[in-house]
Every structure is written in C-alpha cells, then in structure tokens.
Amino acid sequence: MTDHPTDQDGAAVLTRQVHYTADLLRSLQESIHRLRNEAEELREQLDAEGADEVTGAKSQISKLEQLIRDCQKVERLLAEQSTEFARMLKSEHELDLVAARAAVERGLSGLRSALAPELVLE
C-alpha cells in the first residue's frame, strides 16, 4: 500500500477549518446573545421611564424591538449551523480518506485474488 500524504493533509486541513468555523460560530452566537440581552434591558428601561412621542422613546423602543427580533433570527440560524458543525465534528472519522483508500485497496485485492488469474488485468 502506498502512502498518500496529500489525502491525509487534506483531511487535517478540513478538520482544522471545521473546528475554526465552529469556534467563530460560537463566538458570534455569544456576541449576538449579549447584544439581544442589552437591547432587551434598554427597552425595559425606556418602557419604565414612560415612552412618549416627545422624547422619541417610542421610536427607540420600536427600533430596539426590531433589533431584538433580528438578533433572535440570527441566533436561530447560528444554532442550526452549530448543530450542523457538531454533526460534522462527531462524524470526523468519516473524513479519514487514507483509511477509506486502504479499505478500497483491500477490497480490490480480495477481488483480484478471488478471480481466475487469466481474468486479472495487470
């Protein structure tokens, strides 16, 4: 069996990219969560102070509510992506191209040995 370092390197690079992207998604998810919490606190403060058109608080509350909804949408998408990356990381062993190639070569070798010698093409 021959060594195929490019396949192994490719799998290692892909694994590093998956881990890096998963870390970025976690960081972004935490930032969005903090932003949403701060927006909700600010909205509650404006509500408590009494929103009126003169102070522009109603407009600010409306903008904060839209920001909160946007944050929730992003959080939902990030959760879906995080789930997908977790699935990819869990099935990381499936990315082992060297092992897959070895299994195929073993299977072909077994087929060759099972065939009559005159049918084997060299």
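Our subject is the structure that appears above.
Attention here is on the structure that accompanies the text. Values in this document were obtained by computation on a predicted structure and should not be read as measured data. (Residues numbered from 1 in each chain as written. Predicted model: local features only at pLDDT ≥ 70, side-chain atom pairs only at ≥ 80, totals over all residues. Heavy atoms only, no water.)

1. Re the environment of T83
Phase 1 of the analysis: Note that T83 resides in helix α2 (residues 57-90).
Phase 2 of the analysis: A relative accessible area of 54% means that T83 is categorised as exposed. (Helix = DSSP H or I, 4+ residues; strand = E, 2+ residues; numbered from the N terminus. Buried < 20%, exposed > 50% of the residue type's maximum accessible area, 1.4 Å probe, protein only.)

2. Re a negative patch on the surface
Phase 1 of the analysis: Taken together, the side chains of E38, E41, E44, D47 and E65 define an acidic patch exposed on the protein surface.
Phase 2 of the analysis: Here the negative patch gets 4 residues from one element, more than from any other, and that element is helix α1 (residues 5-49).
Phase 3 of the analysis: Along the chain, the position of E41 falls in helix α1.
Phase 4 of the analysis: Note on E41: relative accessible area 48%, which makes it partly exposed. (Patch = residues over 30% accessible without salt bridge, like charges linked within 9 Å, V, L, I, M, F, W, Y side chains within 5 Å. Areas by Shrake-Rupley, 256 points an atom, 1.4 Å probe, with all protein chains shown as cover. Salt bridge = Lys/Arg side-chain N within 4 Å of Asp/Glu carboxyl O. Lys, Arg positive; Asp, Glu negative; His and termini not counted. Charge placed at Lys NZ, Arg CZ, Asp CG, Glu CD.)

3. Section: the nonpolar core
Phase 1 of the analysis: With 7 residues, the main nonpolar core is built from V18, A22, L25, I32, C71, L78 and F85.
Phase 2 of the analysis: Going through the elements one at a time, α1 and α2 are the ones with two or more residues in this core.
Phase 3 of the analysis: Looking at which element gives the most residues to this core, the answer is α1, with 4 residues.
Phase 4 of the analysis: Those residues in contact with C71 that lie beyond four places of it in its chain are I32, L35 and R36.
Phase 5 of the analysis: Counting 6 residues, the second largest nonpolar core, distinct from the first, contains A39, L46, A57 and I68. (Core = buried A, V, L, I, M, F, W, Y, C linked by side-chain atoms within 4.5 Å. Contact = heavy atoms within 4.5 Å.)

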